[in-house]
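Fold and contact review
Below, each chain spelled out in residue letters.
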Protein chains: 2
Amino acid sequence: MKNLLVLGAGRSSSSLIKYLLDNAAACDWNVTVGDVSLNAAAEKVQNHARGKAIRFDINETASTTEAIASADIIISLMPAHLHSLVAVRCLEFGKHLLNASYVSDEMKTLHNEADSKGLLFLNECGLDPGIDHMSAMQVIDKIKSEGGKLVSFESFTGGLIAPDTDPENPWRYKFTWNPRNVVMAGQSTAKYLQGGKFKYIPYQQLFQRITSITVPQFGEYEGYANRDSLKYLDTYGLTDVKTMLRGTLRNKGFCAAWNIFVQLGCCDDTYQMEGVDQMTHESFMNAFLEEKAGKSAEQKIAERFQLTSYGHELKNLQWSGMFSDEPVGLKQGTPAQILEHILNKKWKLSANDKDQIVMWHRFVFEKNNQQHEIQSSLVATGSDPVFTAMAKTVGFPLGIAAKLLAQNKISARGVVIPTSKQFYEPILKELKSQGIDFIETHP
Amino acid sequence: MKNLLVLGAGRSSSSLIKYLLDNAAACDWNVTVGDVSLNAAAEKVQNHARGKAIRFDINETASTTEAIASADIIISLMPAHLHSLVAVRCLEFGKHLLNASYVSDEMKTLHNEADSKGLLFLNECGLDPGIDHMSAMQVIDKIKSEGGKLVSFESFTGGLIAPDTDPENPWRYKFTWNPRNVVMAGQSTAKYLQGGKFKYIPYQQLFQRITSITVPQFGEYEGYANRDSLKYLDTYGLTDVKTMLRGTLRNKGFCAAWNIFVQLGCCDDTYQMEGVDQMTHESFMNAFLEEKAGKSAEQKIAERFQLTSYGHELKNLQWSGMFSDEPVGLKQGTPAQILEHILNKKWKLSANDKDQIVMWHRFVFEKNNQQHEIQSSLVATGSDPVFTAMAKTVGFPLGIAAKLLAQNKISARGVVIPTSKQFYEPILKELKSQGIDFIETHP
């Protein structure tokens, strides 16, 4: 019997925990779910015979020691910056650790020790990062094995809403994962390779330098560059590629409207605003605009960004209630915290809402002196606001990886990401059986 | 006899050191100048009978102990982040410390200990911050003492070049102080009060939200908001004021051209660029622009920012050689380091160049139910590239403060800035005798 410990019972954990509990009897697992909120953990476990909910706070040594020491495999869905703290305890007690977050610098330093202790510290095994790596590497390895030479790789993923959800919402977007991460997205410089040249896009340009993307069978989207694509040149083994760009996908028009928040400084998380307890939605916006007698915040934004009053950017902001005299309802906060709070009033998933994941890759390669192109895309729709497409696509890869590891089918050790065949082949195969499947086109 | 120790022999130190040496005999001082470069220190001391040059490295305990223990007053012109390290040693040995930098959070925490030990830790006693505080408080105190109620205070300062210096330079700007600080300027959100409302300007808006300023007898300039003006509401005793804005002054057109660098991300100091050893000026610019077949960096900038080829923004960038195929000449660097290096090729002061300081305050106040306005401005021109206006206006206030302290004419103790009469009255008086004088107008 194996003991699995899931850390974090937040919104992305539902499908992972259900997958593990559903497989618990057949695989002979016990599944413990730990969260700083015991209630949140208990709600996910639902008195399952092989499940157990515990309170877990990484800052409390005694209880974390007990939880980690009695587990065989730990799966962390806690906030990304906490993974390395868990990893240190896993080294101490000789436990494997799986998570869906980007490899941090702290995590990297643990590779040798984890490797020498025979432990797997698997990172970036969710959706993006995760399924993107696996689905891309499957195609890239196939191209190479058939004698092709990859010259360009682009990959975009978005966590959106289904077309029939909230049809009057002009953003075509809601919070389907951590709202804070949505508000803070893009604040470090994006880096990529284009036509053999290194390219850098700062935050202030990010939502203006967008790419139009047509996803076969699903229509047009827009994409912006995501973080540091350059670091995957080595990991993907793409030493000769001329273009390498990973990005984020949004419905058309999102970026131009979001750019207003970015330009005004509404996503800044570095200082506390003054007078938050007296603040309305409109006075929040006005704090980033000059005083001009007789002009509303909306008029000032229209002037500053040369927008017409019937332009979609202003319509999006209006729909989100940014110009209303409704009190914000917070006592204090940074601009980012206040913006998140206001947006959440209309961007929280309702009972009938369904989210939708869209992923799209384009591979350009040379073979027999000819240039070829493959596009590969995935669209996954959520079941409801709990078992969202986001929860499934983040949770299943982790759950499947845990199963493979428990069954001794994974030989990789140390700090790794799932770019090799031992990960992508079985994980993509089981995802397909869950309806998470790619369409490949050869334009 | 008093021993004065000046730390830092960089470009802003020439006038301070000369002032102290010139006064050394009359005041019975010995003046020691310490720098990580003994040569730099020796060059400033010039074998003066009462001067001494030493090597000073704050990271070397033994030598700094000797230098600080044998001084009575320490004046630090080292980089701002080192002041608090010096301050800790000053507490240890019971020494006064003067500097011209903003009070850091670390420095603030030393107030009580310095105060209880009877030590003065005087900060912000240069030009800006420094002369701006003193000249403003002199007028503010006078308005109050005559029964006026201040409703608005704006203050702008710029370190520019004299009108007859480098006449073909379209920026009307050169590096007259620490070039790194010029390139990094504005990267934290500016905060101020306007019409009774708190206002915030992020970096990406800063050089677009400029104010036109007419300095009496000198003409039109442009200003952008500088750092956190709000923190001076308390320090200046301005609890009822409706508008409080401190800013930076530039010649007309500077901000629109500089904004191109800001928007492209050229001032980013958070990452190392790739391939710097092969980089030309134009390929540096191209790294922040999309690849477009057949388009030069200049054409791409013109398109992105909707500039005409005869617009002054592009002329400024051309003049700085940003589109040339000249090698950058660095092996590695962040965008900010590379931009500074390129700009310095043409922005370094030449032998015949003179810099110019322009400071401008506007005070609006109510008295006898009427609204009144006072403008106060200062223009100071450098003598040459060594005894610059910047060196004089940063150095003299520190030198005069040191003299007053040595003569026991300053009673303030602890961590302070020179906003009280005991500082501004004697310091502004002696500055006036040095030709650094304000013009007051009543529009």
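**Thoughts on the packing of helix α12 (residues 254-264) of chain A against helix α15 (residues 312-319) of chain A**
The geometry of a pair of packed helices is captured by two quantities: the angle between their axes and the separation between those axes. Residue and element names in this part refer to chain A. Relative to each other, α12 and α15 sit at 70 degrees, their axes nearing to 8 Å. Classed by the angle they form, the pair α12 and α15 counts as roughly perpendicular. Seen from above, α12 lies across α15 with right-handed handedness. Contact residues: A256, A257, I260 and F261 in α12; H312, E313, N316 and L317 in α15. Tallied by class, the residues present in the contact of α12 with α15 amount to five nonpolar, two polar and one charged.

**Overview of the sheet that holds strand β15 (residues 414-416) of chain B**
Strand pairing in a sheet relies on backbone hydrogen bonds, with the paired strands running either antiparallel or parallel. Residues and elements named next belong to chain B. One open sheet holds the seven strands; their spatial order is β3-β2-β1-β4-β5-β6-β15, and the pairing between them is parallel. Whereas interior strands pair on both sides, the edge strands pair on one side only; in this sheet they are β3 (51-55) and β15. The mean angle between the axes of side-by-side strands here comes to 20 degrees, regardless of whether they run parallel or antiparallel.

**Observations concerning the confidence of the model for chain A**
Here chain A averages 96 in pLDDT, and 100% of its residues register 70 or above. If you check the scores for this complex, the pTM reads 0.92 and the ipTM reads 0.89.

**Some words on the domain arrangement of chain A**
Note on interface size: it is often stated as the accessible area lost on association of the parts. Residue and element names in this part refer to chain A. For chain A, the assigned domains are domain 1 (2-126 + 388-436), domain 2 (131-252 + 351-381) and domain 3 (258-347). On a C-alpha basis, the centres of domain 1 and domain 2 stand 26 Å from each other. Domain 1 puts 20 residues into the contact, and the matching count from domain 2 is 26 residues. Here domain 1 and domain 2 share an interface that buries about 2000 Å² over both sides, 66% of which is from carbon and sulfur atoms. On the domain 1 side of the interface with domain 2, the three residues burying the most area are Y102, M390 and Y424, jointly 31% of the side's total. Viewed at the interface, domain 2 and domain 1 are joined by zero salt bridges. Breaking the side of domain 1 that touches domain 2 down by element, the ones donating at least two residues are α17 (389-406) and α18 (421-433). In the side of domain 1 that touches domain 2, the residues fall into 13 nonpolar, four polar and three charged.

**Details of the interface of chain A and chain B**
Opposite the 30 residues of chain A that make contact, chain B presents 30 residues. Carbon and sulfur atoms make up 46% of the surface buried where chain A meets chain B, a total of about 2700 Å² over both sides. The interface formed by chain A and chain B holds two salt bridges in total. As a salt-bridge pair, B:E291 and A:K199 come within 2.5 Å of each other at their nearest N and O atoms. Run the count over chain A and chain B and you get 20 residue pairs in polar contact (both at pLDDT 80 or more). Where the side of chain A that touches chain B is concerned, the elements lending two or more residues are β8 (190-194), β9 (197-201), α10 (203-206) and α12 of chain A. Considering each element in turn, the side of chain A that touches chain B owes the most residues, four residues, to β9(A). Class assignment for the residues of the side of chain A that touches chain B results in 13 nonpolar, eight polar and nine charged.

**Concerning helix α18 (residues 421-433) of chain B**
Residues and elements named next belong to chain B. Between its terminal C-alpha atoms α18 stretches 18 Å, which fits the 18 Å expected from 13 residues at 1.5 Å a residue. Buried within α18 we find F423, Y424, I427, L428, E430 and L431. For α18, the angular spread of the buried residues around the axis is 165 degrees, confining them to a single face. Residues of α18 that are exposed and angled more than 90 degrees away from the buried face: K429, K432 and S433. The inward-facing, buried residues of α18 abut α1 (14-22), β6 (120-122), α8 (131-145), α17 (389-406) and β15. Downstream of α18 by one or two residues, G435 has phi in the positive range, about 90 degrees.

**What about the pattern of salt bridges?**
Residue and element names in this part refer to chain B. Going through the model one piece at a time under the given rule, you end up with 44 salt bridges over all chains. Of the charged contacts in the structure, one is a salt bridge between K117 and E113, with a shortest N-O distance of 3.1 Å. Overall, K117 belongs to the partly exposed group, its relative accessible area being 42%. The partly exposed category is assigned to E113, whose relative accessible area is 38%. The salt bridge partner of E290 is R304, with a shortest N-O separation of 3.4 Å. With a gap of 14 residues between them, E290 in the loop between α13 (281-286) and α14 (297-304) and R304 in helix α14 connect regions that are remote in the sequence.

The rules behind these values
Residues numbered from 1 in each chain as written. Chains lettered and ligands numbered in written order. Predicted model: local features only at pLDDT ≥ 70, side-chain atom pairs only at ≥ 80, totals over all residues. Heavy atoms only, no water. Axes fitted to C-alpha atoms, helices over the stretch in contact; angles between N-to-C directions. Helix = DSSP H or I, 4+ residues; strand = E, 2+ residues; numbered from the N terminus. Parallel < 35°, antiparallel > 145°, perpendicular 65-115°, else oblique. Left-handed = near helix turned anticlockwise from the far one by under 90°. Contact = heavy atoms within 4.5 Å. Nonpolar A, V, L, I, M, F, W, Y, C, P; charged D, E, K, R; others polar. Pairing = 2+ DSSP bridges. pLDDT = per-residue confidence, 0-100. Domains from an automatic or database assignment. Buried area = accessible area lost by both parts, 1.4 Å probe. Salt bridge = Lys/Arg side-chain N within 4 Å of Asp/Glu carboxyl O. Polar contact = N/O pair within 3.5 Å; in protein donor to acceptor, adjacent residues only side chain to side chain. Expected span 1.5 Å × (residues − 1). Buried < 20%, exposed > 50% of the residue type's maximum accessible area, 1.4 Å probe, protein only. Arc of directions from axis to C-beta.

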